[in-house]
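The primary structure of each chain is shown beneath.
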Amino acid sequence: MNHLPLIIKREYLTKVKNKSFIVMTFLSPLIMIALAAVVAYLSQLNNDKERTISILDETGYLKEVFQNSENTTYTDLTGLSLENAIALVKEKKDYGLLHIASVDVLGDATNKIKFYSEESPSLSVISGLEQKIEKRLKEEKLQKDGVTLAQIEASKTNIEIAQESYDGQKSSKADNVVKLIFGGAAGYLLFMFIIIYGNMIMRSVIEEKTSRIIEVIISSVKPIQLMMGKIIGTSLAGVTQFVIWSILGGVFMFVLGFIFNIDLLAMQTQQQEVAMQTLQDSGMEQRIGEFFIAFQNLPMTNLIIAFLFFFIGGYLLYSSLYAAIGAAVDNETDTQQFMLPILMPLMLAVYVGFFTVIEDPHGTVSTVFSFIPFTSPVVMLMRIPFGVPLWQQGLSLLLLIGTFVFAVWFAAKIYRVGILMYGKKPTYKELFKWLKY
Amino acid sequence: MNDLLVANSVSKNFGKFQALNQVSIAVPKGSIFGLLGPNGAGKTTLIRIINQITMPDQGAVFLDGQPLKPEHVRDIGYLPEERGLYKSMKVGEQCLYLAQLKGLSKTEAKARLKYWFDKLEIGDWWNKKIQELSKGQAQKIQFVVTVLHRPKLLIFDEPFSGFDPINANLIKDEILQLRDEGATVIFSTHRMESVEELCDHIALIHKSNKVLDGKLNDIKRQFKTNTFEVGLESPNKDKVFAEIQDKFEVLPATFRNLHDDIKLNIKLGENASPNDLLSFLTSKAEVHHFVEVIPSASDIFIQTVKNN
């Protein structure tokens, strides 16, 4: 008697029809967008703040680098004494005073340049000022050695190393960025999926225990069928939620774009001006082209197939453990001690993925972690865009499947005994004993 | 084959703890079989083994002559002591789901549910959620779900808990009717008066062992002590009392009757006939009350558990 479809259907429908699930599905994209908008608005507000910075330049040639910009006005206080200048700035409630001592700045600039202000100034303001002065001083020094401005301008170079594999495939730095984005997104998606829906499975097992229906159910179906039905049903609900989120996200972006069309255009022109400058500097057009090539360079078929297999394998591995935890305890507060051993490898996978894979996708650490079953789904998904030999993928997948089968067996044992155990919270030792019942 | 269910020296250990030790029972077809025992004796473990929730370490269970196999869950209806329903699921959906798990088709399940809901007058609960019902109401649903697939074997573990006396009677009548229609019932409870009322057979499990087994009447016969309650009336009762005490073993009695001149429990020797006692008594005084003391299920239970 196979009741699996029936159980999957019930689990799916209960999840999907649940009010909080529906609210979450439709509200979270709204909340996310609202949050993003608020953050964007706030940072905009911060940038828009106008400040006046006074300059007291005793060298006479540095002050000309401080050109008024949209948000910053520079006042020249040259001629005043330092004390007077500070008093004046204080009175005017300016943002601060930049003092450049007359003594030979070209020689040793240490302690010759100071910024006076009421509160400690923002990091970006200070580094902005530093950059301006550094540039001017460098030019000044070079000119002193007899180099003309034109020569300085002409000496600027931009090197971009072209990459090509032995079999002639061209790539660039843009390739790596695109690969990282793809691998990172895939790995992170799996991580989130496991956390969100693993917990959901666990709660649903606990619910069956606390409502005491479990014994009624397992007098009709095998516990492992119930467990698998639960896992699959919940996953399908999760996939549904993700699909709705992507669609809603797309629609919202479109609608928002439409409503704020004018604003966006205005913003774009601003950005374009900035962009144009950088474009001229580093050949942005070429870069955009590189990104497209990078896209085409991705091993798409491999990526999609591997994503499906590792995603399903990794998710099932973890969710069966979540189900076992749910079966072992009576209520959610008792789950903490069992959660740690599950979360640790998962977090490790994400950290290894984001730090070592970026550094060296085929290094020892990344390679080893892409074989360990508990970390392999996340790490391997991040590595695959960089090109992983098929035998490695196959071996890793084989290990994953092996562990998955073992984990399901293990979880089913715990589950079978645990769902009928009420009362005290079990210890690891007791869980181990249950395996032999 | 007269026995629907046979358990053959079933043993089960949980780690070092032995839950069942070589327990054998035979449940005759069409009977109501009381499975009794103190808390923690192993009843639930045995019931779970019959339901294939747990597997026995040793021994085997046969249903209708065949060793238990997965398909047999359709032939068994089980109302566990620890029971409940999905709280946020609607009554109708839930009943259909549970019925389908027992192998009924959706249409069949619907038709049978309609019959039962009409019979118990609970038709208007169909679209309610379980959490909106009272405990007793939810128990009724649970009962319907247990019997809906018309199993050959019904197992009720404390079926009356949570019911008021009226509903308990209603359920009791339904159980008797199901028995009359051919179902066999295993009935586990601590309420001895319902054992007295319902059971034909009983088995008593104590500390993982079966200590008593058989027809309830046979067991009672085994446990009777040949004691009789006697109520007499006589003008010179002290003399009569002394004469009786001379001839028989006399115990104090507490039964109720109208005349309370002399009230006695008289215990006869093993082969003595009650007729002899009666003719002796009639010659001495007027007999108003003469009843054999039959041990109650409760007495048997307590006595057996204490002696083991």
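What you see is a predicted model; the values in this text were computed from it and never measured. (Residues numbered from 1 in each chain as written. Chains lettered and ligands numbered in written order. Predicted model: local features only at pLDDT ≥ 70, side-chain atom pairs only at ≥ 80, totals over all residues. Heavy atoms only, no water.)

(A) Broad picture of the domain arrangement of chain B. By the assigned domains, chain B splits into domain 1 (3-221) and domain 2 (225-292). If you average the C-alpha positions of domain 1 of chain B and of domain 2 of chain B, the two centres end up 45 Å apart. (Domains from an automatic or database assignment.)

(B) Layout of the side chain of Gln-393 of chain A. Mapped onto the secondary structure, Gln-393 of chain A falls in helix α15 (residues 390-418). Those residues within four positions of Gln-393 of chain A in sequence are excluded, and the remaining contacts are Asn-302, Ala-306, Phe-310, Met-380, Ile-384 and Val-388 of chain A. (Helix = DSSP H or I, 4+ residues; strand = E, 2+ residues; numbered from the N terminus. Contact = heavy atoms within 4.5 Å.)

(C) Main features of empty space enclosed by the protein. On inspection of all chains with the given rule, the structure shows one cavity of 30 Å³ or more. Put simply, the largest cavity is a space of about 100 Å³. For the largest cavity, the lining is made up of 13 residues, of which Val-216 of chain A together with Tyr-78, Lys-102, Val-145 and Thr-146 of chain B are closest to its centre. Mapped onto the lining of the largest cavity, the elements with two or more residues apiece are β6 (76-79) and α4 (135-147) of chain B. Tallied by class, residues from the lining of the largest cavity come to six nonpolar, six polar and one charged. (1 Å grid on protein atoms, 1.4 Å probe; cavity = no way out; pocket = protein on both sides within 12 Å on 5 of 7 lines; lining within 4 Å. Points joined across faces, edges and corners; volume = space filled by probe spheres on them. Nonpolar A, V, L, I, M, F, W, Y, C, P; charged D, E, K, R; others polar.)

(D) Geometry of the domain arrangement of chain A. Domain parsing of chain A yields domain 1 (51-149) and domain 2 (171-242 + 288-434). Taken over C-alpha atoms, the centre of domain 1 of chain A sits 56 Å from the centre of domain 2 of chain A.

(E) Expanded view of the interface of chain B and chain A. Each partner contributes to the interface: chain B provides 30 residues, whereas chain A provides 25 residues. Around 2600 Å² of area is buried between chain B and chain A when both sides are counted, 58% of it from carbon and sulfur atoms. In this structure, the connection of chain B to chain A is made through three salt bridges. For the salt bridge of Lys-17 of chain A with Glu-93 of chain B, the shortest nitrogen-to-oxygen distance reads 3.5 Å. Across the chain B-chain A interface, the total number found is eight residue pairs in polar contact (both at pLDDT 80 or more). When contributions to the side of chain B that touches chain A are tallied by element, the ones reaching two or more residues are β1 (3-14), α1 (43-50) and α2 (91-101) of chain B. With six residues, the top contributor of residues to the side of chain B that touches chain A is α2 of chain B. Considering only residue class, the side of chain B that touches chain A consists of twelve nonpolar, eight polar and ten charged. (Buried area = accessible area lost by both parts, 1.4 Å probe. Salt bridge = Lys/Arg side-chain N within 4 Å of Asp/Glu carboxyl O. Polar contact = N/O pair within 3.5 Å; in protein donor to acceptor, adjacent residues only side chain to side chain.)

(F) Spatial organisation of a nonpolar patch on the surface. All names here are of chain A. Taken together, the side chains of Tyr-188, Met-192, Met-347, Tyr-351, Phe-354, Phe-355 and Ile-358 present a nonpolar region at the surface, about 670 Å² in accessible area. Relative to the helices and strands, Met-192 resides in helix α6 (residues 173-210). For Met-192, a relative accessible area of 30% gives the class partly exposed. (Patch = residues over 30% accessible without salt bridge, like charges linked within 9 Å, V, L, I, M, F, W, Y side chains within 5 Å. Areas by Shrake-Rupley, 256 points an atom, 1.4 Å probe, with all protein chains shown as cover. Buried < 20%, exposed > 50% of the residue type's maximum accessible area, 1.4 Å probe, protein only.)

(G) Highlighting the sheet that holds strand β13 (residues 262-267) of chain B. Residues and elements named next belong to chain B. Strands sit in the order β12-β13-β11-β14 across an open sheet of four strands; the sheet is antiparallel. Each end of this open sheet is capped by a strand with a single partner; those strands are β12 (249-251) and β14 (286-292). Within the sheet, the average angular offset between the axes of one strand and its neighbour, ignoring direction, is 30°. Across the face of the sheet, helix α9 (residues 274-284) comes into contact with β11 (227-233), β13 and β14 while running at roughly 160° to β14. (Pairing = 2+ DSSP bridges. Axes fitted to C-alpha atoms, helices over the stretch in contact; angles between N-to-C directions.)

(H) Fine view of unusual backbone geometry. Residues and elements named next belong to chain B. Of note in this structure, Gln-22 is not a glycine but carries a positive phi near 50°. If you check the backbone angles, Glu-158 has positive phi at about 50° while not being a glycine. Tracing the chain through its elements places Glu-158 in the loop between β7 (153-157) and α5 (165-180). Glu-158 sits in the buried class, given a relative accessible area of 11%.

(I) How the structure looks around the packing of aromatic side chains. All names here are of chain B. Throughout the structure, instances matching the rule amount to 22 aromatic pairs over all chains. Each ring, one from Phe-248 and one from Phe-280, has its centre 5.6 Å from the other, and the planes form 65°; the classification is edge-to-face. Of this pair, Phe-248 sits in the loop between α8 (237-247) and β12 while Phe-280 sits in helix α9, placing them 32 residues apart in sequence. A relative accessible area of 19% means that Phe-248 is categorised as buried. The class for Phe-280 is buried, based on a relative accessible area of 14%. (Phe/Tyr/Trp six-rings, centres within 6.5 Å; stacked < 30°, edge-to-face > 60°.)

(J) Region of interest: a positive patch on the surface. Taken together, Lys-429, Lys-433 and Lys-436 of chain A together with Lys-16 of chain B make up a surface patch of like positive charges. Along the chain, Lys-16 of chain B falls in the loop between β1 and β2 (17-28). Accessibility expressed as a relative area gives 88% for Lys-16 of chain B, which makes it exposed. (Lys, Arg positive; Asp, Glu negative; His and termini not counted. Charge placed at Lys NZ, Arg CZ, Asp CG, Glu CD.)

(K) Here's a closer look at the pattern of salt bridges. All names here are of chain A. Following the criterion strictly, the structure yields 26 salt bridges over all chains and no others. Note that Glu-11 is salt-bridged to Arg-10, the shortest N-O span being 3.4 Å. Of the two residues, Glu-11 and Arg-10, neither departs from the other in class, the shared state being buried. It is possible to trace a salt-bridge network through shared partners that takes in Arg-10, Glu-11, Lys-15, Glu-208 and Lys-230.

(L) Molecular detail of the environment of Gly-37 of chain B. The topology assignment puts Gly-37 of chain B in the loop between β3 (32-36) and α1. Those residues in contact with Gly-37 of chain B, other than ones at most four positions away along the chain, are Lys-43, His-190, Leu-204, Ile-205 and Phe-301 of chain B.

(M) Main features of the sheet that holds β2 of chain B. Residues and elements named next belong to chain B. Sheet architecture is open: four strands sit in the order β2-β1-β4-β5, paired in antiparallel fashion. The open sheet has two edge strands, β2 and β5 (66-67), and neither has a second partner. Sheet topology note: the strand β4 (residues 58-63)/β5 ladder contains two bridges and is antiparallel. The residue bridging Phe-62 from the neighbouring strand is Pro-67, located in β5. Here α1 sits on the sheet in contact with β1, β2 and β4, set at roughly 60° to β2.

(N) Just the packing of α2 of chain B against helix α3 (residues 106-119) of chain B, in detail. Residue and element names in this part refer to chain B. Close contact between α2 and α3 brings their axes to 10 Å; oriented N to C, the two are set at 125°. By the angle between their directions, the pair α2 and α3 is classed as oblique. Helix-helix and strand crossings are classified by hand; for α2 and α3 the assignment is right-handed. On α3, the residues touching Val-91, Cys-95, Leu-96, Ala-99 and Gln-100 of α2 are Lys-106, Ala-109, Lys-110, Leu-113 and Phe-117. Of the residues that constitute the contact of α2 with α3, the class distribution is seven nonpolar, one polar and two charged. (Parallel < 35°, antiparallel > 145°, perpendicular 65-115°, else oblique. Left-handed = near helix turned anticlockwise from the far one by under 90°.)

(O) View of the confidence of the model for chain A. Residues and elements named next belong to chain A. Taken as a whole, chain A shows an average pLDDT of 80; of its residues, 86% reach a score of 70 or greater. No element of chain A has a lower mean pLDDT than helix α9 (residues 261-282), which averages 49, and none a higher one than helix α1 (residues 4-17), which averages 91. Low pLDDT (under 50) marks residues 264-272, which in the prediction has one contact with non-local residues, meaning those over four places away or in another chain. (pLDDT = per-residue confidence, 0-100.)

(P) Structural detail: the UniProt feature "transmembrane region" (unreviewed entry) in chain A. Residues and elements named next belong to chain A. As annotated in UniProt, the feature "transmembrane region" (unreviewed entry) corresponds to residues 21-42, 180-201, 242-267, 288-318, 338-358, 365-384 and 390-412 in the numbering used here. Between the end C-alpha atoms of residues 338-358 the distance is 31 Å, and the span holds 100% helix and 0% strand. Between the first and last C-alpha atoms of residues 390-412 the distance is 32 Å; the span itself is 100% helix and 0% strand. (UniProt positions renumbered as here; feature names shortened; annotations may be inferred.)

(Q) Geometry of the packing of α4 of chain B against α5 of chain B. All names here are of chain B. In contact at an axis separation of 12 Å, α4 and α5 are set at 5° when each is read in the N-to-C sense. As the angle between them shows, α4 and α5 are arranged roughly parallel. Taken together, the residues of α5 that come into contact with α4 (itself represented by Lys-140, Phe-143 and Val-147) are Asn-167, Leu-170, Ile-171, Glu-174, Ile-175 and Leu-178. Classifying every residue of the contact of α4 with α5 by side-chain character gives six nonpolar, one polar and two charged.

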